[in-house]
Amino acid sequence: MKIGALKEGFEGEARVAVTPSSAGHLMKLGHEVFVESGAGARAGFSDDSYRAAGVTVLPSAAELIRSVDVVAKVRQPSEAEIGQMQPGQTLISFFYPAQNSELLAQAKEQGITAIAMDMVPRISRAQKMDALSSMANIAGYRAVIEAANNFGRFFTGQVTAAGKVPPAKVLVVGAGVAGLASIGTAVSLGAQVYAFDVRPEVAEQIESMGAEFVYLDFEEAQDGAATGGYAAPSSPEFREKQLAKFRELAPQMDVVITTALIPGRDAPKLWTRDMVEAMKPGSVIVDLAAERGGNCELTIPDERHVTENGVTIIGYTDFPSRMGAQASELYGNNVRHFMADLTPKKDGVIQHNMEDDVIRGATVTRDHDVTWPPPPPKIA
Ligand code: NAD
């Protein structure tokens with residue numbers, strides 16, 4: 001089959017869905033690989049580097065879409081992109097079907113097979129295709145780098161001839177994939193790291209990384225197990241305890257990284273105005289939940305601003321794109337692993353097996369049908 005990557009149209013997006021290296025793997029599956037000219041430029045992959053890897057470079061999006069069986073993208077498709085596709089063609093990209101019902105309807109009308117990388121079931125077998133996790137890992141790392149870049153002091157403690165420097169105190173709120181990456185990065189920079197999550201089962205993991213889990217004095221533990229490992233909304237009593245603890249910590253913390261999310265909901269507001277006002281001048285907040293409204297009350301999505309009391313608040317929503325080369329490599333690998341499952345005989349022939357939990361889970365439209373939401377996966 002012919003697989004081609006489009007240049008991302010979203011402003012500022014640096015990622016690309018196929019890299020010269022992932023193209024090589026796709027060819028080993030028996031596929032021919034194409035890219036739109038300039039698709040990899042912002043991630044540091046020139047047209048020539050694709051050609052050297054055996055990829056055919058096509059001059060425009062229209063020509064690429066006309067020439068391939070599978071269109072690969074990072075960001076959700078635009079109406080114009082779907083509109084140019086033909087029945088029987090496959091699209092593979094982030095899609096977010098729950099938030100994009102009109103795009104879903106259009107993909108159905110158009111008769112294309114749409115594979116949503118955000119819908120890959122989070123089961124062990126599919127970890128290599130889990131683009132949500134690979135991007136969250138980058139976001140968590142980059143959040144600490146942005147924080148360090150905006151913090152006027154060392155992260156690590158030092159004893160120098162010119163004076164003693166205490167380590168920075170970093171609080172990470174939410175210890176999912178992104179939060180754990182932030183914890184690991186901040187610990188490796190030498191900071192004193194504290195972390196909190198409503199799922200108590202992550203305490204051990206946090207402590208094993210050299211950070212301190214912030215315990216609440218609360219009898220009824222929150223149990224994420226009933227929600228498949230994801231967080232459920234907290235009770236008002238629990239939330240009060242949590243906010244009281246954060247109020248106590250706010251004046252002591254130099255850096256706060258918030259990553260708390262509950263699937264399908266707006267981000268819970270956990271870092272309130274009074275907490276920001278209680279922080280020391282020069283402190284930094286990085287709100288990784290900005291795209292879903294932010295965990296901090298004062299976050300402005302896509303912006304960095306400094307409050308009157310000198311706290312920098314970063315609400316960027318493009319952390320993976322800020323590391324475009326790395327993010328493209330990992331996303332490209334997620335896509336080519338998915339393509340490997342679609343090409344079981346490595347003969348360049350796609351077998352779209354809707355009995356397979358992973359393929360079924362990620363397929364959101366097929367044969368003029370909306371196939372989202374999928375039935376729950378059989379294997380955990
Ligand atoms: P997420 O992005 O949905 O949420 C981030 C974190 O915020 C979660 O840890 C959540 O518990 C926490 N949170 C929510 N409300 C909070 C609050 N009020 N205060 C503090 N923290 C709060 O999470 P994610 O990174 O996508 O991962 C969530 C789950 O999915 C985890 O159990 C993880 O182990 C699991 N997972 C499994 C796989 C796999 O098996 N392949 C892959 C990735 C993630």
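Everything numeric in this text was worked out from a predicted model, so none of it was measured. (Residues numbered from 1 in each chain as written. Predicted model: local features only at pLDDT ≥ 70, side-chain atom pairs only at ≥ 80, totals over all residues.)

### Here we look at the overall build of the protein
Here is the rule: Going along the chain from the N terminus, every DSSP run of H or I of four or more residues is numbered as a helix, and every run of E of two or more is numbered as a strand. Each radius of gyration is computed over the set of C-alpha atoms, and the globule rule expresses the reference value as 2.2 Å times the number of residues to the power 0.38. We call a residue exposed when 12 or fewer other C-beta atoms sit within 10 Å of its C-beta, buried when the count reaches 20 or more, and partly exposed for counts in between; the C-beta positions come from the backbone. A pair of residues counts as a contact when their C-beta atoms, built from backbone coordinates, are separated by no more than 7 Å.
When its secondary structure is counted, the protein shows twelve helices and 17 strands. Since a compact globule built from 380 residues should have a radius of gyration of about 21 Å, the 22 Å found for the protein is in line with a globular shape. Its C-alpha atoms put the protein at 60 × 50 × 35 Å along the principal axes. Buried residues in the protein amount to 45% of all 380 residues. A separation of at least 24 residues holds for 64% of the contacts in the protein among residues at least 6 apart in sequence.

### A word on unusual backbone geometry
In most cases, non-glycine residues show a negative phi, while peptide bonds are predominantly trans. Each neighbour pair has its own omega, and for W372 with P373 the value is 0°, a cis peptide bond. For P373, the location among the structural elements is in the segment after β17 (369–370). The phi angle at D302 is positive, at roughly 70°, despite the residue not being glycine. Considering the arrangement of structural elements, one finds D302 in the loop between β13 (284–287) and β14 (304–306). Even without being glycine, H368 reaches a positive phi, approximately 60°. For H368, the location among the structural elements is in the loop between β16 (363–366) and β17.

### Regarding the packing of helix α6 (residues 131–150) against helix α11 (residues 324–342)
Condition: Fitted lines through C-alpha atoms serve as axes, helices being fitted only where they are in contact, and the angles separating the N-to-C directions of these axes extend from 0 to 180 degrees. The labels follow the angle: roughly parallel below 35 degrees, roughly antiparallel above 145, roughly perpendicular from 65 to 115, and oblique for the rest. Two helices crossing with the near one rotated counterclockwise from the far one by less than a right angle form a left-handed crossing, whereas a clockwise rotation gives a right-handed crossing. As a working rule, the residues Ala, Val, Leu, Ile, Met, Phe, Trp, Tyr, Cys and Pro are called nonpolar, Asp, Glu, Lys and Arg charged, and the rest polar, with Gly in that last group.
At a closest axis distance of 9 Å, the pairing of α6 and α11 adopts a crossing angle of 165°. Relative to α11, the element α6 lies roughly antiparallel. Considering only the axes of α6 and α11, their crossing is right-handed. Residues A131, S134, M135 and I138 of α6 touch α11, and the partners they reach there are Q326, A327, L330, Y331 and N334. A class-by-class count of the residues in the contact of α6 with α11 yields six nonpolar, three polar and no charged.

### Let's talk about the pairing of β13
The test is simple: By the convention used here, strands pair only if DSSP detects at least 2 bridges between them. If the strands point away from the viewer and the path from the first strand over the helix to the second runs clockwise, then the crossover is right-handed.
Every second residue of β13 is oriented toward a common face, with V284 and V286 on one face and I285 and D287 on the other, all of them buried. Two elements, strand β12 (residues 255–258) and β13, share four bridges in a ladder whose sense is parallel. The partner of I257 across the bridge, within β13, is V286. Traced from β12 through helix α10 (residues 273–278) to β13, the parallel crossover comes out right-handed. Pairing analysis gives three bridges linking β13 to strand β15 (residues 312–314), with the strands arranged parallel. Paired with V286 across the strands is I314, a residue of β15.

### Notes on helix α1 (residues 20–28)
Note on helix geometry: an α-helix contains 3.6 residues per turn, so any two residues three or four positions apart are oriented the same way. Keep this limit in mind: The directions from the helix axis to the C-beta atoms form the arc being described.
Listing the buried residues of α1 in full gives P20, S22, A23 and L26. On an axial view of α1, the arc spanned by its buried residues comes to 155°, and they lie on one face. Directly beyond the C-terminal end of α1, a positive phi value near 95° is found at G30.

### Considerations on the site of the ligand
Here is the rule: Only the C-beta atom matters for nearness: placed from the backbone, it must lie within 6 Å of the molecule or strand for the residue to count as near.
The full set close to the ligand counts 30 residues, and G174, G176, G229, A231 and A260 are the nearest of them. Counting only elements with at least two residues in the shell around the ligand, the list comes to α6 and α7 (177–188). The leading source of residues in the shell around the ligand is α7, at three residues. When the residues that make up the shell around the ligand are grouped by side-chain class, the tally is 16 nonpolar, ten polar and four charged.

### Observations concerning the nonpolar core
Stated formally: To form a nonpolar core, buried Ala, Val, Leu, Ile, Met, Phe, Trp, Tyr and Cys residues must be joined through C-beta atoms within 7 Å.
By size, the foremost hydrophobic cluster in this structure holds 113 residues, and its most contacted members are I257 and I285. The greatest single-element share of this core, amounting to nine residues, is contributed by α6. I257 has contacts with A143, V144, A147, V170, V172, S182, V286 and L288, leaving out every residue within four places of it along the chain.

### A closer look at the sheet that holds β17
Pairing is mixed across the open sheet formed by eight strands, whose spatial order is β3-β2-β1-β4-β5-β6-β16-β17. In this open sheet, the two edge strands, each paired with only one partner strand, are β3 (56–58) and β17. One ladder, built from two bridges, connects strand β6 (residues 113–116) with β16; its direction is antiparallel. Along β16, the bridge assignment pairs A114 with T365.

### Concerning the environment of R199
Secondary-structure assignment places R199 in the loop between β10 (192–196) and α8 (203–208). A count of 19 C-beta atoms within 10 Å places R199 in the partly exposed class.

### Thoughts on the environment of I145
Assignment of secondary structure puts I145 in helix α6. For I145, a count of 16 C-beta atoms within 10 Å gives the class partly exposed. In this structure the C-alpha to C-alpha distance between I145 and D369, which are 224 residues apart in sequence, comes to 44 Å.

Take it as geometry only, folks, not as evidence of what the structure does.
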